[in-house]
Amino acid sequence: NYYLKQKNINEAENHYLKVIQLRKELNDDKGLAAVYNNMVVLKEQQGNSIEALKYLNESLEIRRRLGNPSDLALTLIRLGNMQLINGSYKEAKSSYEEVLTLVDATKDKRAYLNTLNSLTSCLLELGKYKDANDRIETALPIANQLNDADLENITLYNKALVLYYMGNFREAIEINTKVIKH
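Values in this document were obtained by computation on a predicted structure and should not be read as measured data.

Peer 1: Even after reading the chapter, I still don't get the overall build of the chain, so can you show me in this structure?
Peer 2: Looking only at helices and strands, the chain features ten helices and zero strands. The order of α-helices and β-strands along the chain, N terminus first, is α-α-α-α-α-α-α-α-α-α. Dimensions along the principal axes, computed over C-alpha positions, put the chain at roughly 60 × 35 × 30 Å. A burial count over the chain gives 41% of its 182 residues as buried. Contacts spanning at least 24 positions in sequence make up 49% of the contacts within the chain whose residues lie at least 6 apart.

Next comes the structure, spelled out in structure tokens:
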């Protein structure tokens, strides 16, 4: 991580590759999954989304095998985000929906809210406006409970988007105005 923070990508990659080999030799699957996640960040910084996805899938396979809901959820969130950015909305929807079952089990309301917001974006892209509205309606009270202005604004903005897509322009404008003033 030191080399990556220093923007020394080549040194970071060499270091991570050595650590991957070491983790494999030690049969340290949890550590190996963590290093794979570091490689995902590195490959994304290099602009190599194909390699990033390869490492992410390796990490996901290990996380599934280990069965820790929190670790698996974090990896699925990253996968869903990559899928969303790349326009693979159905795949992202599936990843986010799996996260919701895992995150609910761990009671992590912040991760649950972020996932609901991301899932709402997927559903809008897929033209599933009622489903998007249902998800964002679930998200709004959670956003209020967390007392985090940024997350609340993101959630309200997504609610405005849902309303806009559903043709309720007046209410969408009212919510956007509230977000801007907030």
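Peer 1: Sorry, what's going on with the pattern of salt bridges here?
Peer 2: Side chains bearing opposite charge may pair, as long as their charged atoms lie close to each other. Scanning the entire structure with this criterion turns up twelve salt bridges. Across the pair Asp148 and Arg110 runs a salt bridge whose closest N-O atoms are separated by 2.8 Å. Within this pair, whereas Asp148 is found in the loop between α8 (129–146) and α9 (149–165), its partner Arg110 is found in helix α7 (residues 109–125), the two being separated by 38 residues in sequence. Given the relative accessible area of 37%, Arg110 is considered partly exposed. Within this structure, Asp29, Glu61 and Arg65 form a network of salt bridges that share partners.

Peer 1: In this structure, what is going on with the packing of aromatic side chains? I would like to understand it.
Peer 2: To describe a pair of aromatic rings, you give the distance between the ring centres and the angle between the ring planes. Per the stated rule, a full pass over the model turns up four aromatic pairs. For the pair Tyr129 and Tyr165, a centre-to-centre distance of 5.4 Å together with 35° between the ring planes defines the contact as tilted. Of this pair, Tyr129 sits in helix α8 while Tyr165 sits in helix α9, and the two are 36 residues apart along the sequence. Its relative accessible area of 30% is what places Tyr129 among the partly exposed residues. Seen from their ring centres, Tyr164 and Phe169 are 5.2 Å apart, and the 65° between their planes marks the pair as edge-to-face. You can call Phe169 partly exposed: its relative accessible area is 44%. Linked through ring pairs, Tyr129, Tyr164, Tyr165 and Phe169 together constitute an aromatic cluster. Positioned above the aromatic ring of Tyr55 is the side chain of Lys54, whose terminal nitrogen or guanidinium carbon lies 4.6 Å from the ring centre.

Rules and cut-offs
Residues numbered from 1 in each chain as written. Predicted model: local features only at pLDDT ≥ 70, side-chain atom pairs only at ≥ 80, totals over all residues. Heavy atoms only, no water. Helix = DSSP H or I, 4+ residues; strand = E, 2+ residues; numbered from the N terminus. Buried < 20%, exposed > 50% of the residue type's maximum accessible area, 1.4 Å probe, protein only. Contact = heavy atoms within 4.5 Å. Salt bridge = Lys/Arg side-chain N within 4 Å of Asp/Glu carboxyl O. Phe/Tyr/Trp six-rings, centres within 6.5 Å; stacked < 30°, edge-to-face > 60°. Lys NZ or Arg CZ within 6 Å of the ring centre and 35° of its normal.

No statement about biological role is implied by the geometric values presented.
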